[in-house]
Structures are given as C-alpha cells and as structure tokens.
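# Fold and geometry: a report
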Amino acid sequence: MFTNINYEFEWQSVYEYKKKFIDGFLMTIYISFFALILSLIIGVIFAYGQNSKVIILRFFSRFYIELIRGTPLLVQILVFFYVFASNLGFDNRYVAGTVILAMFSGAYVSEIIRAGVKSIDKGQYESAKSLGFTSFKTYLYIIFPQAYKRILPPLTGQFASIIKDSSLLSIISISEFTMNAQEVNAYTYSTLESYIPLAVGYLLLTYPISHYAKNLEKKMKD
C-alpha cells in the first residue's frame, strides 16, 4: 500500500527553527499548568454550586456545565475571544486562551468532583453529624479525604486532556506548540518534518501523565 510513496525527509531546514519548537513546547506547558490550576478552582466552585440549596446557584451551575460540555471547544474559543473578550477590550490572547481552556476543563473537573463526593456513603454524613461535626468539618475531615482517592485518577487524566486541547488555541494566534509547528511548515514547506516533532512532543507530555493516571487508578482499587 505504501510502496509507491517516495518522500525524502529534509530535517536540516526544520532544524534551523528548533528554538521555535522549544518555545512553543514550553508555552504549551505554561498554558496547560495555569489552566489546570484555574480549572480546579472553577471545578470546586461549580461542584459546590450544583449541591447548593440556593436554587439560582444550582441552576446556573448546571446550565454552565451543560453549555460547556455540550459545545465544541473550538467554538467556545472563537466566541469567548472574538465576542466577549474583544468587546470588553481585553486583548491579551495568552491570558484569554488560558481562561477559556480552564473554563472548558472546569466543567469536566466539576463533574469529576461532584461524582467523587456523591460516591461517599450517606452513612459517613450521618456518623459525622452524630459526632457533632459541622457541615464544613464533615467535608474537610471525612468526605474529601475519601473522595480524594476516587477523583485523583480522573483528574490526572483530565490534565492530559488539557495539554492536548491547548493545541486549539492556535486558532486565536497563540504561539503555542501547534501554532509554531504550523509556522515552521509555512516557512519550510516541510510538512512531515514539522508535524512529526509536534506529535512526538505531545506524546512526551501526555503519555507519562496517562500512564501515571492508570497506575494510580490501579493502586486506588487495591
């Protein structure tokens, strides 16, 4: 099937732009890291909002999660940046891209946290109440330590997803890994030589995380 393919690799032309690959690789790490931190904060807030006794807060939290999970990330990036951010006069693409990525991931993190908390047996709440624990202390000392073990593996996997999803930020001209690889391809017309390092780079970032998540999940089950 591939015997008729005749392609000569020209790595030298791409190698001249190695700094561009490195800068893009590092930018992807920075964006993904801060997006992860922010998505954890968003996830905790909306996980609490879904279980709130305040109807408006519960409705808004549910609406946000369904809206984010029900629409493509690419559409969200375009709408939030070119409609909301532009109209508000906010033109820092890197901060805006990080926030958009965090908002997208935060909806999934919220569901992970909510599911982890919900999985704790109701008897744990009743036992804490009988011991005189307040609601805050119940979650802090009893519920969260148990839920933590259950939500850590999927949260780790979500971090790998954030790294891969960050590639879509190239649509708003953020100079991350994918954007820089596209520019190198435009300069050199060496498509495979530009995108093979891109694929390898993402694999280097995501495989250790995915592997760690699987091992962590096995340990939690034992």
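The following paragraphs examine the structure supplied in this document. From a predicted model like this one, the values you see are computed outputs, not experimental measurements.

The next subject is the overall build of the protein. Summing up its helical and strand segments, the protein has nine helices and zero strands in all. Along the chain direction, N to C, the helices and strands of the protein fall in the order α-α-α-α-α-α-α-α-α. Here the C-alpha atoms of the protein give a radius of gyration of 22 Å, more than 25% beyond the 17 Å that 2.2 N^0.38 yields for 222 residues. Judged by the C-alpha coordinates and their principal axes, the protein covers about 75 × 50 × 35 Å. Out of the 222 residues in the protein, the part that is buried amounts to 37%. In the protein, once contacts between residues fewer than 6 apart in sequence are set aside, the share between residues at least 24 apart is 76%.

Quick look at the side chain of Ser167 now. Inspection of the secondary structure puts Ser167 in the loop between α7 (135-165) and α8 (177-188). Relative accessible area serves as the criterion here: at 18%, Ser167 is assigned to the buried category. In terms of polar contacts, Ser167 uses its side chain to reach the backbone carbonyl oxygen of Lys164, at 2.7 Å. Not counting chain neighbours up to four residues away, the residues in contact with Ser167 comprise Glu176, Thr178 and Tyr202.

Our next topic: the pattern of salt bridges. Tallying each qualifying case throughout the model produces six salt bridges. Among the salt bridges present, the one from Glu66 reaches Arg62, with a minimum N-O distance of 2.6 Å. Taken together, the positions of Glu66 and Arg62, both in helix α3 (residues 55-69) and four residues apart, correspond to about one turn of that helix. A residue is classified by how much of its surface remains accessible, and Arg62, at 28% relative accessible area, is partly exposed. Here Arg114 makes a salt bridge to Glu111, at a shortest N to O gap of 3.1 Å.

This part covers the environment of Glu10. If you trace the backbone, Glu10 turns up in the segment before α1 (11-15). The class for Glu10 is partly exposed, based on a relative accessible area of 48%. Counting along the chain gives 182 residues from Glu10 to Leu192, while the straight-line C-alpha distance between them is 9.3 Å.

Backbone geometry follows two general trends: most residues other than glycine have a negative phi, and most peptide bonds adopt the trans configuration. You will see that Ser173, though not glycine, has its phi angle at about 60°, which is positive. Locating Ser173 in the fold gives a position in the loop between α7 and α8. The class for Ser173 is partly exposed, based on a relative accessible area of 40%. One non-glycine residue, Tyr189, lies in the positive phi region at around 60°. Secondary-structure assignment places Tyr189 in the loop between α8 and α9 (191-221). Exposure remark for Tyr189: the relative accessible area of 71% places this residue in the exposed category.

Turning our attention to the environment of Tyr64. By the secondary structure assignment, Tyr64 is in helix α3. You can call Tyr64 buried: its relative accessible area is 8%. Here the alpha-carbon distance between Tyr64 and Phe46, two residues 18 residues apart in the chain, equals 8.6 Å. Excluding anything up to four places from it in sequence, Tyr64 contacts Ile42, Phe46, Met103, Gly106 and Ala107. At a separation of 2.5 Å, a polar atom in the side chain of Tyr64 contacts the main-chain carbonyl oxygen of Met103.

Turning our eyes to something else, we now look at the packing of helix α5 (residues 93-118) against α7. Following both chains from N to C, one finds α5 and α7 inclined at 145°, their axes separated by 8 Å at the closest point. In terms of crossing hand, the pair formed by α5 and α7 is right-handed. Across the interface between the two elements, Leu101, Phe104, Ser105, Tyr108, Val109, Ile112, Ile113, Gly116 and Val117 of α5 pack against Tyr139, Ile143, Phe144, Ala147, Ile151, Pro154, Leu155, Gln158, Ile162 and Asp165 of α7. Of the residues belonging to the contact of α5 with α7, the class tally is 15 nonpolar, three polar and one charged.

Reading guide: rules and limits
Residues numbered from 1 in each chain as written. Predicted model: local features only at pLDDT ≥ 70, side-chain atom pairs only at ≥ 80, totals over all residues. Heavy atoms only, no water. Helix = DSSP H or I, 4+ residues; strand = E, 2+ residues; numbered from the N terminus. Rg over C-alpha atoms; globule rule 2.2 N^0.38 Å. Buried < 20%, exposed > 50% of the residue type's maximum accessible area, 1.4 Å probe, protein only. Contact = heavy atoms within 4.5 Å. Polar contact = N/O pair within 3.5 Å; in protein donor to acceptor, adjacent residues only side chain to side chain. Salt bridge = Lys/Arg side-chain N within 4 Å of Asp/Glu carboxyl O. Axes fitted to C-alpha atoms, helices over the stretch in contact; angles between N-to-C directions. Left-handed = near helix turned anticlockwise from the far one by under 90°. Nonpolar A, V, L, I, M, F, W, Y, C, P; charged D, E, K, R; others polar.

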